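# Per-entry structural report
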Amino acid sequence: MYKILLILLICIVTHAIEPYKKITIDNLVTSINLYENKLYISSDAGKVEIYDINNLKKMKEIKLDKIYDYFGDTFYPKIFSTHTIDGKNILIISQDSNGSSKMQIYNDSGFRKIELNNTSFINKAYFIDKNRILIGLLSNEIILYDITKDKILWEIQPSNAVFSDLIFSGNFAFSTTEGGIVYIIDIESGRIIKTLEGANFDNVYMLASAKDILLSAGRDKTCGVYDIKSGEFRRLKTNFLSYAVGISFDSTLGAISDNENNDILIFNTRTLDKIDTLKGGDALPNRIIFIDNSTIVAGFDSKNVLFWKLGENN
């Protein structure tokens, strides 16, 4: 009986795919963001490097000014994330002096700092359109800010739990906390219209959503797969803390950090069948992006960004 089970396990082992492309930068990668054919790579040394994903040539480099620490020494700030919806205006969240955070918009005219009447640390921020920014604060307050009016349109605090992640898809924002609950927020009104819960029982590190599917990567070694409309969920177990998650644009494929070897598991979101395992990561993945249904890019807590082609066993 044991031999039969062993044979079955061997038969269902997923493919191990090695990366076919790699970008290595001079400093640690803190996040990656994709817009059309441009990959924006942020680092812990105050730089955003922009690459053409077709030929991996560096197109541009954005350098932030140095900041001060508590002792008056200067250093280049860690960049937490970038976001753009037009390739011209780039929203940059970074360290500021004395441990605070800074939100800036960069374009050909230079930097424009956005200041809120709120002292809480900015954790996540996205352009909703050319005039509005969705902001998540470490205090678990979610804000919609109008750039042209220099005005907060609405502000809510979904719960008193510690903030974990914020994303948006279509007309809705999704925020989550250390408790594993996902809050669905109507972007226009700022009203919480639904909560999703049950898939994770501990901190949710990251969310990903496309169409009517939401994925949650949890500390409890679980990737939650939610049907947003019904609220029903399924649970995909991983072999280590699930730090990063990604989803294809058509929502049929999911990607989740799987084990202590920094492998990424690709699975079918409808059946939870395991499809491929992406190898080559040399640190924890911090962002997983589907370029299309066969090409995936991920950033790691190292100097590397890796690219894979599904179905290829290199």
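Residues numbered from 1 in each chain as written. Predicted model: local features only at pLDDT ≥ 70, side-chain atom pairs only at ≥ 80, totals over all residues. Heavy atoms only, no water.

### Let's talk about the pattern of salt bridges
- Using the criterion set out here, one finds 14 salt bridges in the structure.
- A salt bridge links Lys-47 to Glu-61; the shortest N-O distance between them is 3.7 Å. Of the two residues, Lys-47 is situated in strand E5 (residues 47-52) and Glu-61 in strand E6 (residues 58-63); the sequence distance between them amounts to 14 residues.
- Residue Lys-47 is classed as buried on the basis of its relative accessible area of 8%.
- Given the relative accessible area of 36%, Glu-61 is considered partly exposed.
- Here Arg-132 and Asp-129 are joined by a salt bridge, their closest N and O atoms 2.9 Å apart.
- Among the residues examined, Asp-129 registers a relative accessible area of 24% and is labelled partly exposed. (Salt bridge = Lys/Arg side-chain N within 4 Å of Asp/Glu carboxyl O. Helix = DSSP H or I, 4+ residues; strand = E, 2+ residues; numbered from the N terminus. Buried < 20%, exposed > 50% of the residue type's maximum accessible area, 1.4 Å probe, protein only.)

### Digging into the pairing of strand E17 (residues 163-169)
- Within E17, five of the seven residues are buried, leaving the element largely enclosed by the surrounding structure.
- Inspection of the sheet shows E17 paired to strand E18 (residues 172-177) by six bridges, in the antiparallel sense. In the sheet register, Ser-169 faces E18, and the bridge partner there is Phe-172.
- Hairpin remark: E17 followed by E18, antiparallel, with two residues in the connecting loop; positive phi at Gly-170, about 65 degrees. (Pairing = 2+ DSSP bridges.)

### Observations regarding unusual backbone geometry
- In the Ramachandran plot, Leu-56 falls in the positive-phi region, its phi being about 60 degrees despite a non-glycine side chain.
- Tracing the backbone shows Leu-56 in the loop between E5 and E6.

### Some remarks on the packing of aromatic side chains
- In the structure shown here, the tally under the stated rule is seven aromatic pairs.
- Aromatic side chains Tyr-126 and Phe-168 sit 5.7 Å apart centroid to centroid with 65 degrees between the ring planes, which places their arrangement in the edge-to-face category. Here the residue Tyr-126 occupies a position in strand E13 (residues 122-127), and Phe-168 occupies one in strand E17, the gap between them amounting to 42 residues.
- A residue is classified by how much of its surface remains accessible, and Tyr-126, at 15% relative accessible area, is buried.
- Relative to Phe-233, the ring of Tyr-226 has its centre 5.7 Å away and its plane inclined at 55 degrees; by these criteria the two rings are tilted.
- Of the residues examined, Tyr-226 reaches a relative accessible area of 1% and is grouped as buried.
- Feature note: the residues Tyr-205, Phe-240 and Tyr-243 constitute an aromatic cluster, connected by ring pairs. (Phe/Tyr/Trp six-rings, centres within 6.5 Å; stacked < 30°, edge-to-face > 60°.)

### Side note on the pairing of E13
- Of the strand pairs in this sheet, E13 and strand E14 (residues 132-137) are connected by five bridges, and their pairing is antiparallel. Paired with Tyr-126 across the bridge in E14 is Leu-134.
- Taking the residues that link successive antiparallel strands as the turn, the E13-E14 hairpin has four residues.

### Things to note about the confidence of the model for the protein
- Mean pLDDT for the protein: 93, with 95% of residues reaching 70 or above.
- Of the regions scoring below 50 in pLDDT, residues 1-13 engages in zero contacts with residues more than four places distant in sequence or in other chains. (pLDDT = per-residue confidence, 0-100. Contact = heavy atoms within 4.5 Å.)

### Overview of the nonpolar core
- In terms of nonpolar packing, the biggest core is built from 31 residues, with Ile-264 and Trp-308 touching the most fellow members.
- Considering every element that reaches this core, the biggest residue donor is strand E27 (residues 264-268), with four residues. (Core = buried A, V, L, I, M, F, W, Y, C linked by side-chain atoms within 4.5 Å.)

### Some details on the environment of Ile-181
- With respect to the helices and strands, Ile-181 occurs in the loop between E18 and strand E19 (182-186).
- For Ile-181, a relative accessible area of 24% corresponds to the partly exposed category.
- On a C-alpha basis, the gap between Ile-181 and Asn-200 in space is 7.6 Å, while along the polypeptide they are 19 residues apart.
- If we skip the residues at most four places from it in the chain, Ile-181 touches Ser-175, Thr-176, Thr-195, Leu-196 and Glu-197.

### So, the sheet that holds strand E31 (residues 304-309)
- On the basis of which strands lie adjacent, the open sheet formed by four strands has the order E2-E31-E30-E29 and antiparallel pairing. Single-partner strands in this sheet number two, and they are strand E2 (21-24) and strand E29 (285-290). Averaged over all adjacent pairs, the angle separating strand axes in this sheet is 15 degrees, with direction ignored. (Axes fitted to C-alpha atoms, helices over the stretch in contact; angles between N-to-C directions.)

### Topic: the sheet that holds E19
- Spatial ordering of the open sheet is given by E17-E18-E19-E20, a layout of four strands whose pairing is antiparallel. Where the open sheet ends on each side, the last strands, each with one partner, are E17 and strand E20 (192-196). Pairwise comparison of adjacent strand axes, ignoring direction, gives a mean angle of 20 degrees for this sheet.
- Here five bridges tie E18 to E19, and the two strands are oriented antiparallel to one another. The residue of E19 that forms the bridge with Ser-175 is Tyr-183.

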